[in-house]
Amino acid sequence: MGFAGRKGVLVMVLLIVTAVSAIVFGVVTGLALAGIRNTEHLDTVQRGETFNALPTIILDRTGREITQFFGDERRELVPIDELPRHLINALITREDRTFFHHHGFSFRGTARAAWNLLRGRYVSGGSTITQQLAGHLYADRTEFSLVRKLRELWWALQLEKRLTKYEILEEYLNKMPFGHGNYGVESASQFYFGRSARDLTHAESAILVIQLANPSLYSPIRRPNQARVMQRVVLNDMVTMGFATQEEVDFSFDDYWNNYDFTRSNVSTAFFDREDRARYFSEFVRFQLENEYLFGRANVNRDGFTVHTTLDLDYQRAADRHMAASLETSNRIYEQNRSVSISAGDKLIPAIELSALLFDIPELRVGDAKERSRTLEHYQRQINPVIDMVSLLFGSSENDELRHVARVSYTRTEREAQRTRVEGGLVTLDNSTGHILALIGGSGFEARNQLNRAVDARVLPGSAFKPMYYAAGIDKQVVTSATTFYDAPVVFWNDDGTPYTPNNYFGRWWGWVDLTTSLAASYNIPSLRVLDRVGFTDAFRVASRLMGIPESSLASRGFVRNFPVGLGTVSVSPMEMARGYATIANLGREVVPIAVRYIEDRDGRVILEPEQEIRLAQQRRGRETQVISPQAAYVMTEMMKATFEVGTMAGARARGGGFDDMPMAGKTGSTQNWSDAWSVGYSPYVTTAVWFGFDRGGNNSLGTNQTGAAAVAPMWVQYMREIHEGRDRVAFPKPNDGLTTVRVSARTGLLPPENYTGRTVERVFISGTEPTQFDTLQEFERDWTPVFADRMRDAIAGTSLTVNAFGGPRPQSDLSVDLDFDIDLRFPGYGNDFDLNGDLPASGGNPLLD
């Protein structure tokens with residue numbers, strides 16, 4: 001046995017000795033305590049009775065109350081004999097497989113947990129169900145010590161002596177936390193699935209029991225993919241243990257995910273009834289409190305914390321108002337654009353027809369396709385709730401056909417809404433601190449609409465993604481703000497050997513354009529040429545660091561080495577996009593979004609300072625927090641200012657009344673089929689990202705009249721204008737050195753010579769990258785066009801084509817052949833070298849010159 005093997009055995013032996021010692025010490029301590037303490041109150045002592053329950057108060061950055069978190073005193077306790085057996089089996093499988101055989105402590109479970117930890121494979125903890133309940137009821141969960149574990153063990157032994165196994169299970173299932181502020185299996189079942197725990201399926205039972213270990217990892221609302229994987233593990237283990245058949249768990253698993261709904265819940269509790277001035281933000285804070293800052297140590301509904309957050313209620317009110325109005329408008333336009341043929345389900349149409357005949361309801365009579373669509377909509381909205389109620393009143397079983405039809409209709413309605421309702425997300429960050437000043441996760445936070453799209457959505461950014469790799473190109477100094485490319489059809493070859501021929505909006509081409517104009521107007525060919533120069537490796541590295549996406553997650557997010565990624569085919573959230581742009585606004589220094597500044601206990605003592613911890617971590621990392629150079633970041637800001645001057649947000653700015661000389665920089669974005677629309681940008685103070693789209697995108701489209709510029713930019717402008725009222729008009733922060741401003745030719749990006757008659761523009765460069773050659777294109781066009789044409793004819797002798805290489809600022813040509821070429825043209829005395837290369841498709845197009 002080698003050294004590593006001997007070392008592993010030694011560690012294992014030490015763990016076993018430690019465990020045995022803890023047992024002995026615990027028993028001795030327990031006996032001593034038993035001799036001096038009165039335990040008659042065991043049956044009545046409950047966690048929290050040693051102090052009055054107080055709500056947790058959530059404050060905005062100025063000390064104004066946002067909401068309070070408090071317990072739901074109306075929650076129902078469910079007797080153990082009313083809960084389905086497969087729920088108990090799932091709990092036993094997941095948490096404590098020897099529960100019915102031990103007396104409160106399992107040496108085998110503790111050893112197994114230690115062994116799994118050594119192997120780096122966490123399956124479940126070492127505490128028994130009884131120990132977990134004892135710790136929840138009687139121990140101070142803020143204390144991490146051997147004393148606390150011994151206290152839990154002692155109380156577990158007392159519980160085992162006083163209660164039966166099923167009484168322990170009943171206490172456990174009715175009082176343990178199940179995530180998202182839910183205590184007890186009934187509250188959790190209503191929250192996650194919209195019905196009583198008495199009706200849980202195998203798959204739903206597995207979802208609930210995995211919340212007990214770590215709801216931050218396995219929440220079906222926030223992390224459905226991780227929840228699905230662990231749910232499958234538990235279901236398979238139930239089969240292995242003989243608690244269910246493979247057919248049962250497979251059917252239940254497939255049924256759960258085939259009808260999966262991000263936002264599913266119809267709970268009516270104090271959580272939804274409470275006054276809350278920023279519901280999506282509050283739930284985001286609650287999640288952080290329960291799963292990051294106070295995980296396992298406190299009850300945010302009873303322990304009376306005061307949480308000082310970063311939210312600005314004035315910003316939030318403005319965001320709520322503008323977002324609601326814009327989403328309403330977008331949904332109205334979408335409905336006008338929409339032309340659908342709804343195919344009524346086989347299960348619904350017969351039931352609808354039967355109802356029409358039995359109850360003489362003309363509105364339900366089914367005719368042609370158009371009538372079927374109208375009838376189905378009327379049934380789902382007006383009749384189905386009544387049928388569902390009747391089935392419940394008369395005690396219809398779960399398998400009753402009437403109840404089944406009602407549930408099918410509900411599912412159809414919810415899934416259809418996810419495909420056809422335009423939703424949105426908004427995030428506003430402070431550029432320097434990362435404070436979340438406003439956050440909206442959807443059209444309205446309610447029981448059936450809880451998905452926080454601002455944080456948890458994974459949607460396509462479209463052209464709003466382009467600045468993420470433009471920044472890499474500027475920082476790497478392979479392009480400048482005045483680098484000029486030729487915007488025309490061209491074929492790009494992916495790493496896997498497949499061709500990619502992108503298009504521009506409505507197929508228009510613009511000839512020679514510099515990168516500032518290209519980014520502002522969102523031209524695709526020049527942007528992909530930037531990506532080609534930067535390289536996928538550097539582009540992905542910079543983009544992931546700007547947005548805070550771990551490199552290990554890039555592949556699953558669609559960051560693949562193919563050119564479509566340059567047009568935003570990756571998966572991101574509005575929060576990540578806001579972070580990326582805010583980092584550029586912060587002169588390239590990392591911005592980490594922060595919601596909680598510090599937390600006080602009920603006595604006013606500061607117990608946690610999350611913001612300070614982030615700042616200290618950034619200080620320790622030092623220069624690593626500089627994602628791109630300050631100079632590159634400032635050049636990007638100057639480039640994105642053009643979006644508001646001549647680009648896709650210029651119209652919205654003009655219609656919105658401008659910003660009273662407050663500078664703005666940003667970018668719009670639309671995906672290929674117009675299913676997602678974005679506006680992201682910043683002032684010298686704050687960054688705001690806004691997304692409109694669908695929860696289930698698929699092939700659905702907002703419509704060509706709902707691009708980022710048309711649907712989102714006007715709202716973005718109005719909102720940003722309002723929150724900047726009364727603020728000082730300042731310029732964007734600028735590095736003290738390392739930048740050079742030069743006036744260049746708009747067509748070539750070179751220096752204009754004496755007596756130059758073309759249009760010129762002012763551009764900012766990282767010092768040393770500014771142009772040094774003069775624009776001689778006018779003389780070139782006069783003297784060398786015939787030479788160019790001759791060289792082209794020689795290169796493709798015998799092929800008939802027409803070439804107009806430089807016919808004005810927007811040259812066009814018609815090539816009727818499939819042409820591969822590589823011609824090096826050098827024109828002495830004119831300061832320009834042109835490398836002509838590419839692969840022109842048979843459908844026609846222009847060569848690309850750079």
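Residues numbered from 1 in each chain as written. Predicted model: local features only at pLDDT ≥ 70, side-chain atom pairs only at ≥ 80, totals over all residues. Heavy atoms only, no water.

(A) Structural view of the environment of glycine 708. Considering the arrangement of structural elements, one finds glycine 708 in helix 27 (residues 708-723). As a C-alpha pair, glycine 708 and threonine 671 span 37 residues in sequence and 9.1 Å in three-dimensional space. Discounting chain neighbours no more than four positions away, the residues touching glycine 708 are Thr668, Gly669, Ser670, Ala677, Trp678, Ser679 and Ala713. (Helix = DSSP H or I, 4+ residues; strand = E, 2+ residues; numbered from the N terminus. Contact = heavy atoms within 4.5 Å.)

(B) Geometry of the sheet that holds strand 5 (residues 436-440). Pairing in this open sheet of five strands is antiparallel, and the strands run 5-4-14-13-12 from one edge to the other. Lying at the two open borders of the sheet, with one neighbouring strand each, are strand 5 and strand 12 (665-670). Taking each pair of neighbouring strands and ignoring which way they run, the sheet shows an average axis angle of 5 degrees. In this structure, strand 4 (residues 423-430) lies alongside strand 5, joined through four bridges in antiparallel fashion. Counted as the bridge partner of leucine 429 is isoleucine 436 from strand 5. In the packing of helix 27 onto the sheet, the strands contacted are strand 4, strand 5, strand 12, strand 13 (677-682) and strand 14 (686-693), and the crossing angle to strand 13 comes to about 30 degrees. (Pairing = 2+ DSSP bridges. Axes fitted to C-alpha atoms, helices over the stretch in contact; angles between N-to-C directions.)

(C) Representation of the environment of alanine 632 in the model. With respect to the element layout, alanine 632 can be found in helix 25 (residues 630-645). Residues alanine 632 and aspartate 475 lie 157 residues apart in sequence; the distance between their C-alpha atoms is 5.0 Å. Discounting chain neighbours no more than four positions away, the residues touching alanine 632 are Ile474, Asp475 and Ile766.

(D) Local environment of the packing of aromatic side chains. Counted under the stated rule, the structure contains 20 aromatic pairs. For the pair phenylalanine 193 and tyrosine 256, a centre-to-centre distance of 6.1 Å together with 80 degrees between the ring planes defines the contact as edge-to-face. On the criterion of sequence distance, the pair formed by phenylalanine 193 in helix 7 (residues 185-193) and tyrosine 256 in helix 11 (residues 246-258) is long-range, its members being 63 residues apart. Taking the relative accessible area as the measure of exposure, tyrosine 256 reaches 11% and is therefore buried. Here the aromatic rings of phenylalanine 644 and tryptophan 716 are separated by 5.5 Å at their centres, their planes lie at 40 degrees, and the arrangement is tilted. Of the two residues, phenylalanine 644 is situated in helix 25 and tryptophan 716 in helix 27; the sequence distance between them amounts to 72 residues. Linked through ring pairs, Phe465, Tyr469, Tyr470, Phe492, Phe536, Phe540, Phe559 and Phe563 together constitute an aromatic cluster. Over the aromatic face of tyrosine 315 sits the side chain of arginine 61, whose NZ or CZ is 5.6 Å from the ring centroid. One residue, arginine 727, lies across the ring of tyrosine 685, its end atom 3.8 Å from the ring centre. (Phe/Tyr/Trp six-rings, centres within 6.5 Å; stacked < 30°, edge-to-face > 60°. Buried < 20%, exposed > 50% of the residue type's maximum accessible area, 1.4 Å probe, protein only. Lys NZ or Arg CZ within 6 Å of the ring centre and 35° of its normal.)

(E) Representation of the nonpolar core within the structure. In this structure, Phe281, Leu289, Met547, Phe559, Met577 and Met636 are the most contacted members of the largest nonpolar core, which totals 93 residues. Ignoring anything within four residues of it in the chain, the contact list for methionine 577 reads Pro461, Ala464, Phe465, Met547, Val572, Trp678, Val680 and Ala689. With 51 residues, the next largest nonpolar core counts Leu133, Ala134, Leu137 and Ala197 among its residues. (Core = buried A, V, L, I, M, F, W, Y, C linked by side-chain atoms within 4.5 Å.)

(F) Region of interest: the packing of helix 19 (residues 466-476) against helix 21 (residues 524-534). Here helix 19 crosses helix 21 at 50 degrees, and the two axes come no closer than 9 Å. In terms of orientation, helix 19 lies oblique with respect to helix 21. Between helix 19 and helix 21 lies a crossing of left-handed hand. For the pair helix 19 and helix 21, the contacting residues are Lys466, Tyr469, Tyr470, Ala472, Gly473 and Lys476 in the first and Asn524, Pro526, Ser527, Leu528, Val530, Leu531, Arg533 and Val534 in the second. Classifying every residue of the contact of helix 19 with helix 21 by side-chain character gives eight nonpolar, three polar and three charged. (Parallel < 35°, antiparallel > 145°, perpendicular 65-115°, else oblique. Left-handed = near helix turned anticlockwise from the far one by under 90°. Nonpolar A, V, L, I, M, F, W, Y, C, P; charged D, E, K, R; others polar.)

(G) Structural context of the sheet that holds strand 3 (residues 306-309). In space, the five strands of this open sheet follow the order 2-1-3-10-11, with mixed pairing throughout. Lying at the two open borders of the sheet, with one neighbouring strand each, are strand 2 (65-69) and strand 11 (606-608). Looking at each pair of strands side by side, their axes are set apart by 25 degrees on average, direction ignored. In this structure, strand 1 (residues 56-59) lies alongside strand 3, joined through three bridges in parallel fashion.

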